[in-house]
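# Descriptive analysis of the structure
As a plain string of letters, each chain reads:
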Amino acid sequence: MHPVRHPRNVIVIGLAFVAVGTLYALGAVPLGYDIEWAGVTMLGALAIAMSLMAYVLIAGSSRD
């Protein structure tokens, strides 16, 4: 059995940050702002980090 009962939950956490980064990148120009690519990159990196952290926390927790 997989160490995480529902691995899709970890994927959803990562995709939430990817969605925020995409909205940030796509919404900047229509709203009259310059795209800050550093911010988009950091949101992508945060998505990876949060997914890994959620996986580790869920996999290491007790099954009670």
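Here is a short report on the structure shown in this document. (Residues numbered from 1 in each chain as written. Predicted model: local features only at pLDDT ≥ 70, side-chain atom pairs only at ≥ 80, totals over all residues. Heavy atoms only, no water.)

### Details of the side chain of Ser51
Let me state the cut-off plainly: Only DSSP runs of H or I reaching four residues or more are called helices, and only runs of E reaching two or more are called strands; each is numbered from the N terminus. Here, two residues are considered to be in contact whenever any of their heavy atoms come within 4.5 Å of each other.
For Ser51, the location among the structural elements is in helix α2 (residues 37-60). Sequence-distant contacts of Ser51, defined by excluding residues within four places in its chain, comprise Val10, Ile13 and Gly14.

### Regarding α2
Helical geometry: 3.6 residues make up each α-helical turn, so side chains three or four residues apart lie on a common side. To keep things clear, this is the line we draw: Each residue after the first adds 1.5 Å to the expected span of a helix. Only protein chains enter the accessibility calculation, which uses a 1.4 Å probe; a residue whose area is less than 20% of its type maximum is buried, one above 50% is exposed, and one in between is partly exposed.
For α2, with 24 residues, the first-to-last C-alpha span of 35 Å sits near the 34 Å given by 1.5 Å per residue. Buried within α2 are the following residues: Val40, Leu43, Ala47, Ser51 and Ala54.

### Digging into the environment of Glu36
Relative to the assigned elements, Glu36 resides in the loop between α1 (7-28) and α2. Separated by twelve residues in sequence, Glu36 and Tyr24 have C-alpha atoms that sit 8.8 Å apart.

### Quick notes on the packing of α1 against α2
Threshold: Axis definition: a line fit to C-alpha positions, over the contact stretch in the case of helices; interaxial angles, taken between N-to-C directions, run 0 to 180 degrees. Geometric relationships in this document are graded by angle, where less than 35 degrees denotes roughly parallel, more than 145 denotes roughly antiparallel, 65 to 115 denotes roughly perpendicular, and other angles denote oblique. Three classes are used: nonpolar for Ala, Val, Leu, Ile, Met, Phe, Trp, Tyr, Cys and Pro, charged for Asp, Glu, Lys and Arg, and polar for all others, with Gly counted as polar.
Contact geometry for α1 and α2: axes closest at 8 Å, N-to-C directions at 170°. Comparing their axes, α2 and α1 come out roughly antiparallel. Between α1, through Val10, Ile13, Gly14, Phe17, Val18, Val20, Gly21, Tyr24 and Ala25, and α2, the contact on the second element is made entirely by Gly39, Val40, Leu43, Leu46, Ala47, Met50, Ser51, Ala54, Tyr55 and Ile58. Here the contact of α1 with α2 is built from residues that sort into 15 nonpolar, four polar and no charged.

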